[in-house]
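Structure assessment
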Amino acid sequence: MHRPDDVPTPAIRQRRRLRATAIAIALGVVMFTVGAISLSPSGSSTPGTPSTTSLQQSPARGVEALRERVKRLPNDPVSWADLGMALVQQARTTADQATYAQAETALRRSLALQPAQNLHAEIGMGALAAGRHQFTDALAWARKAVATSPATPASYGVLADAHTQLGHYREAEEAVQKMADLRPDSASLARASYVCELRGDTDRARALMERALRAAGTPGERAFAHTHLSSLALDSGDTATAMRQAQDGLALTPRDAGLLEARAKAYMASGDRERAAADYTAAIAVAPLPQYLLGLGELQQSLGHQDQAEAQYAILRAQETLRRAGDAPADTDAILFEADHGDPRKAVTMAEAALRERPFIAVHDAYAWALHRAGRHQEALPQADDALALGTRSALFLYHRGAIQQALGDTTAARSDLGQALATDPSFHPLHAPAAREAIRRIDGTP
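What you see is a predicted model; the values in this text were computed from it and never measured.

**Considerations on the overall build of the protein chain**
- Within the protein chain one finds 23 helices and 0 strands.
- Within the protein chain, the proportion of its 447 residues that are buried is 59%.
- Of the contacts made within the protein chain by residues no fewer than 6 positions apart, 60% connect residues no fewer than 24 positions apart.

**As for helix H6 (residues 135-148)**
- With 14 residues, H6 extends 20 Å from end C-alpha to end C-alpha; this agrees with the ideal 20 Å at 1.5 Å per step.
- For H6, every residue scored as buried is listed here: Phe135, Ala138, Leu139, Trp141, Ala142, Ala145, Val146 and Thr148.
- As for H6, its buried residues are in contact with helix H4 (97-113), helix H5 (119-131), helix H7 (153-165) and helix H18 (344-357).

**Some words on the pattern of salt bridges**
- Using the criterion set out here, one finds 27 salt bridges in the structure.
- Among the ionic pairs, aspartate 161 bridges to arginine 191, the shortest N-O distance being 2.6 Å. A residue pair is termed long-range when its members are at least 10 positions apart, and aspartate 161 in helix H7 and arginine 191 in helix H9 (residues 186-198) qualify at 30 residues.
- Residue arginine 191 is classed as buried on the basis of its relative accessible area, which comes to 0%.
- Residue arginine 170 is joined to glutamate 174 by a salt bridge in which the shortest nitrogen-to-oxygen separation is 2.8 Å. Highlighted residues: arginine 170 and glutamate 174, both in helix H8 (residues 169-182), separated by 4 residues, approximately one helical turn.
- Since its relative accessible area comes to 45%, glutamate 174 is described here as partly exposed.
- What emerges from the salt-bridge pattern is a single network uniting Glu104, Arg108 and Arg132.

**Observations regarding the packing of H7 against H8**
- Two numbers describe how H7 lies on H8: the axes approach to 8 Å, and their chain directions differ by 165°. In terms of orientation, H7 and H8 fall into the roughly antiparallel class. As for the relative orientation of H7 and H8, their crossing is left-handed in sense. In this structure, H7 contributes Pro153, Tyr156, Gly157, Leu159, Ala160, His163 and Thr164 to the contact, and H8 contributes Tyr169, Glu171, Ala172, Ala175, Val176, Lys178, Met179 and Leu182.
- Among the residues forming the contact of H7 with H8, the class breakdown is 10 nonpolar, 3 polar and 2 charged.

**Notes on the confidence of the model for the protein chain**
- On average, residues of the protein chain score 87 in pLDDT, and 86% of them are at 70 or above.
- Here residues 1-39 is modelled with pLDDT under 50, and outside its nearest four sequence neighbours on either side it reaches 118 contacts, counting other chains as well.
- Contacts from residues 45-58, a stretch scored under 50 in pLDDT, to residues over four places away or in other chains number 51 contacts.

**A closer look at unusual backbone geometry**
- Phi at glutamine 117 is positive, roughly 55°, even though this residue is not glycine.
- Topologically, glutamine 117 is positioned in the loop between H4 and H5.
- We note that histidine 133 has phi near 65°; this positive angle belongs to a residue other than glycine.
- With respect to the helices and strands, the residue histidine 133 is situated in the loop between H5 and H6.

**Quick look at the packing of aromatic side chains**
- Taken as a whole and judged by the stated rule, the model has 4 aromatic pairs.
- A centroid spacing of 5.8 Å and a plane angle of 45° characterise the contact between tyrosine 399 and phenylalanine 428, whose relative ring orientation is tilted. Of this pair, tyrosine 399 sits in helix H21 (residues 395-407) while phenylalanine 428 sits in the loop between helix H22 (411-424) and helix H23 (432-444), and the two are 29 residues apart along the sequence.
- For tyrosine 399, a relative accessible area of 8% puts it in the buried group.
- In this structure phenylalanine 428 comes out as buried when scored by relative accessible area, which is 15%.
- The ring of tryptophan 141 carries lysine 144 above its face, with NZ or CZ at 4.3 Å from the centroid.

**Examining the nonpolar core**
- Counting residues in hydrophobic clusters, the biggest one holds 45 residues, and the most contacted among them are Leu198, Ile335, Phe360, Ile361, Tyr399 and Phe428.
- Ranked by residue count, the leading element in this core is helix H19 (residues 361-373), at 9 residues.
- One finds Ile123, Met209, Leu213 and Leu229 within the second-largest nonpolar core, a separate group that totals 34 residues.

**Description of the environment of alanine 334**
- Position of alanine 334 among the secondary structure elements: in helix H17 (residues 332-341).
- Once the C-alpha coordinates of alanine 334 and alanine 366 are considered, the two residues, 32 residues apart in sequence, prove to be 9.3 Å apart.

Parameters and conventions
- Here, residues in each chain are numbered from 1, in the same order as that chain's written sequence.
- Residue-level local features of this predicted model are given only where pLDDT is at least 70; pairs of side-chain atoms are given and counted only at 80 or more, and the full residue set underlies all totals for whole chains, interfaces and linings.
- Heavy atoms from the whole structure form the basis of all side-chain values; hydrogens and water molecules are not counted.
- Numbering of helices and strands runs from the N terminus; a helix is a DSSP stretch of H or I covering at least four residues, while a strand is a stretch of E covering at least two.
- Type-normalised accessible area, obtained with a 1.4 Å probe on protein chains alone, sets the label of each residue: buried when under 20%, exposed when over 50%, and partly exposed for intermediate values.
- Every residue pair with non-hydrogen atoms within 4.5 Å of one another is taken to be in contact.
- Expected span, for any helix, means 1.5 Å times one less than how many residues it has.
- Any carboxyl oxygen of Asp or Glu within 4 Å of a side-chain nitrogen of Lys or Arg constitutes a salt bridge here.
- Angles here are taken between N-to-C directions and fall from 0 to 180 degrees, while the axes themselves are lines fitted to C-alpha atoms, restricted in helices to the stretch in contact.
- Note on angle classes: values under 35 degrees are labelled roughly parallel, values over 145 roughly antiparallel, values of 65 to 115 roughly perpendicular, and the remainder oblique.
- Should the near helix be turned anticlockwise from the far one by less than a right angle, the crossing is left-handed, and should it be turned clockwise, the crossing is right-handed.
- Residues are sorted three ways: Asp, Glu, Lys and Arg are charged, Ala, Val, Leu, Ile, Met, Phe, Trp, Tyr, Cys and Pro are nonpolar, and all the rest, Gly among them, are polar.
- Every residue carries a pLDDT, the predictor's confidence in it, which falls somewhere between 0 and 100.
- Any Phe, Tyr or Trp ring, taking Trp's six-membered ring, that has another such ring centre within 6.5 Å forms a pair; planes under 30 degrees apart are called stacked, those over 60 apart edge-to-face, and the others tilted.
- Either the NZ atom of lysine or the CZ atom of arginine qualifies as a charge over a ring when it sits within 6 Å of the ring centre and within 35 degrees of the ring normal.
- The term nonpolar core refers to a set of buried residues drawn from Ala, Val, Leu, Ile, Met, Phe, Trp, Tyr and Cys, joined through side-chain atoms within 4.5 Å.

Given below as structure tokens:
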């Protein structure tokens, strides 16, 4: 039995921190595709947005404070679970797989102290599994969390995220609805926005994300909403609004990597590629995640700066070596990088393994592109169709399918998809957008 002065009553501690932890998890650690999955159909990596008081200024500072707490309260399961969650957050920000291992140690220590009805640790394990792209495990932990506390919104957030990445879109929507019914706060509204974005209803997605911004209670939540409002604006061709949303967010959180990437894309859309490169560089300094490295590398390549592009690609190859050593599934950025800048046949193998773990639309798209680049166009087309089956408005997905259809000789379908890609976002990719224009010129027979 624990001494009263050693550990506060778990039930009291749980009630005291439940709301803050729920918000932190819902927006900070498991927003639709943890650890390499953003609130975006593309499924790219974005760092989380810290939302608790202890993490608002610095994830590292929050971790150190929690380490001190578990030293003072070594038998407190909530403190160990909070440390585990903070480490998951830090791992997402730093792209450091070793930090995920530390998070697991902390979370399992919490579970050893309180094996049953341990809501904090169950949600944390779900976030950890998702961060590692182990979405079947994430779903199992989410279900445990829901069983432990059916009235806790964050449990349904983890559940929705796992279902989404496993391709269970109807079940994900039901979980989001339950979450919103329990508490229509920034976290649930952002997820509802994402449901609409996946279905191609960008107007509704934008309206819901604006509500999420108004409901945001922390700088991290506001930064998250500004990031995705910028993305939604860019997807609609509204460069001015995309830039304004990114600038507004950066005024509050100037070192937010997701906002720096959002502004980089807005700069690209406005033709200012040098400033775009500077923002990508700043994002990488904060969080060296694959999507930023690939974004900067391909931007530098489009500018003719091959040496600078290769410097980013070298880091991506080193990260891929570490991923393989850890036997983790590949993210879509790694698959697309291998397809375009490495060995397409290897990209196919990576995509096949990723799809077994995560049959999400972005992985279908990456698999389609890898197959196409490997010359297997007939096999690629059904995967490209699967990527667009929900009605998602993605210029990159449309470009990929258009290029596949062109390779198959269906110029009518290719012309339609390539045109839609450019109409959705004329600057969707520094290399592929010009390729789409060139393909249309060839199809149309214009000089």
